[in-house]
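Examining the three-dimensional arrangement
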Amino acid sequence: MSFTLSVVTDEIAQDPAAAIAAAREMGFSHLEFNRVGGLGIHELSDDGVAELGRMAAGEGLQVIAVDPPSFKTVVIDDVPAAEVVRHAEVAEHLEQIRRACRAACALGAGLVRLFSFRRSSMVGMGNPSPREPRGGPIPDGLLAKIVAGLRAATAIADEYDVTLGLENVRSCWGNTGHNAARILAAVDHPRLRAIWDPGNDYVSGGVPYPDGYRAVLPYIVHVHVKDAAVVDAATGLTRWACIGTGAVDYAGQVAALHRDGYRGALSVETHWRKPGDSGPESTRDTLAGLRRILASAEA
């Protein structure tokens, strides 16, 4: 299948040299930078970003995306819609997006990740929390505020000629494919597309494939892959899993992506950790699980 294999480097190691070398050895062709040496990609100096680019090129790897945590922790429930962009925390995160866009351009990456604002009902990162069907509702009044913030971000993306990828995640309003698609349709801007994460859809209460996938399909530009399972249905407690051992139907998902003409990246965002491992071996096993699924789909 014609997919690029990418990896989020800090899932292997925080040390960029070690992570990049391991990514090449594992057979990845592309990299995605989130946190590097304990700093977010948006926090690096221009020289630090340039050094990352040199390290990637030295291993023959391309950078496909950068992942600031923009809007992930920002609660806007009590902010009037007309004031969202001027809200101090939103303005801070818009500057974060600007710095990430600059880093993406320097690294030759065309994609910058962001989120859809924090669900105010979340405790911590939301695990456990109730797994409502399709992720639960988005109040109409709140949707207008989300749209205001994201449209401000697209104006920055226009300046830098990059695409913004809205990642669905449990702790934010766009937690499932259905909720992400609702937000993307409301923003209705060509600079804002979807980073589709079936594992995040699943832990949020969705059915990633075919349900969430079908909803978000028109917007997908990038795909994160990780697996998950429910530990306690009553509380919504979930756990991450090695791909192929969890509950996400990756066999159906990758076959559908291929059938529907997606030719972008499958980017490993491991999350799961095998006992005693800080990342490299867990990522290696996760990639092996993904490759088994891909080989089976091609058979």
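Everything that follows concerns the structure shown earlier in this document.
Here's a quick rundown of the structure. In every chain, residue numbers begin from 1 and rise along the written sequence. It should be noted that, the model being predicted, local features are given only for residues of pLDDT at least 70 and side-chain atom pairs only at 80 or more, the latter also being counted only at that level, while totals for whole chains, interfaces and linings use all residues. As a rule here, side-chain values come from all non-hydrogen atoms in the structure, and water together with hydrogens is ignored.

Moving on, we get to the pairing of strand β6 (residues 111-114). For the exposure calls, accessible area comes from a 1.4 Å probe over protein chains only, and a residue counts as buried if that area is under 20% of its type's maximum, exposed if over 50%, partly exposed in between. Numbering goes from the N terminus for both helices and strands, where a helix is a DSSP run of H or I of at least four residues and a strand is a run of E of at least two. A two-sided burial pattern is seen for β6, the buried positions comprising Leu111 and Arg113 on one face and Val112 and Leu114 on the other. Pairing between two strands requires that DSSP report at least two bridges joining them. Pairing of strand β5 (residues 62-66) with β6, which is carried by two bridges, proceeds in the parallel orientation. Bridging across to β6, Ala65 finds its partner in Leu111. Looking at chain direction, β6 and strand β7 (residues 163-167) are connected through four bridges and run parallel. Pairing of Leu111 across the sheet is with Thr163, part of β7.

Right, let's talk about the packing of aromatic side chains for a bit. Two aromatic rings from Phe, Tyr or Trp, using only the six-membered ring of Trp, form a pair when their centres are within 6.5 Å; if the ring planes differ by under 30 degrees the pair is stacked, by over 60 it is edge-to-face, and anything between is tilted. Per the stated rule, a full pass over the model turns up three aromatic pairs. Seen from their ring centres, Phe71 and Phe117 are 4.4 Å apart, and the 20° between their planes marks the pair as stacked. Highlighted residues: Phe71 in the loop between β5 and α3 (88-107) and Phe117 in the loop between β6 and α4 (140-160), separated in sequence by 46 residues. Ring plane angle 50° and centroid distance 6.0 Å describe the contact between Tyr209 and Tyr213, whose orientation is recorded as tilted. A residue pair is termed a helical-turn pair when its members lie 3 or 4 positions apart in one helix, as Tyr209 and Tyr213 do in helix α7 (residues 208-216) at four residues. Neither Tyr209 nor Tyr213 differs from the other in exposure class; each is buried. When the NZ atom of lysine or the CZ atom of arginine is within 6 Å of a ring's centre and also within 35 degrees of its normal, the charge is said to sit over that ring. Of note, Lys72 hangs over the ring of Phe115, and the distance from its end group to the ring centre comes to 5.0 Å. Above the plane of the ring of Tyr202 lies Arg131, whose end atom (NZ or CZ) is 4.7 Å from the centre.

What follows deals with α4. Every helix has an expected span of 1.5 Å times one less than the residues it contains. In this model α4 runs 31 Å from its N-terminal to its C-terminal C-alpha over 21 residues, within 8% of the 30 Å that 1.5 Å per residue would give. In this fold, the buried residues of α4 make contact with α3, β6, β7, α5 (177-187) and β8 (192-196). Backbone geometry just after α4 places Asp161 at a positive phi near 60°. By the convention used here, residues are in contact when the closest approach between their heavy atoms is within 4.5 Å.

So, on to the sheet that holds β8. The strand order around the closed barrel formed by eight strands is β1-β2-β5-β6-β7-β8-β9-β12, and the pairing between neighbours is parallel. Across this sheet, the average inter-strand angle for adjacent strands is 30°, counted without regard to direction. The axes used here are C-alpha line fits, helices contributing only the stretch in contact, and every angle between their N-to-C directions lies in the interval 0 to 180 degrees.

Our focus in this paragraph is α5. Every buried residue of α5 is listed here: Gly177, Asn179, Ala180, Ala181, Ile183, Leu184 and Val187. Check the buried side of α5 and you find it contacts α4, β7, β8, α6 (198-203) and α7. Directly beyond the C-terminal end of α5, a positive phi value near 55° is found at Asp188.

Below, the discussion takes up the pairing of β5. The side chains of a regular strand alternate, residue by residue, between the two faces of the sheet. With four of five residues buried, β5 is to be regarded as a mostly interior element. Across four bridges, strand β2 (residues 30-33) lies against β5 in parallel orientation. In the sheet register, Leu31 faces β5, and the bridge partner there is Val63.

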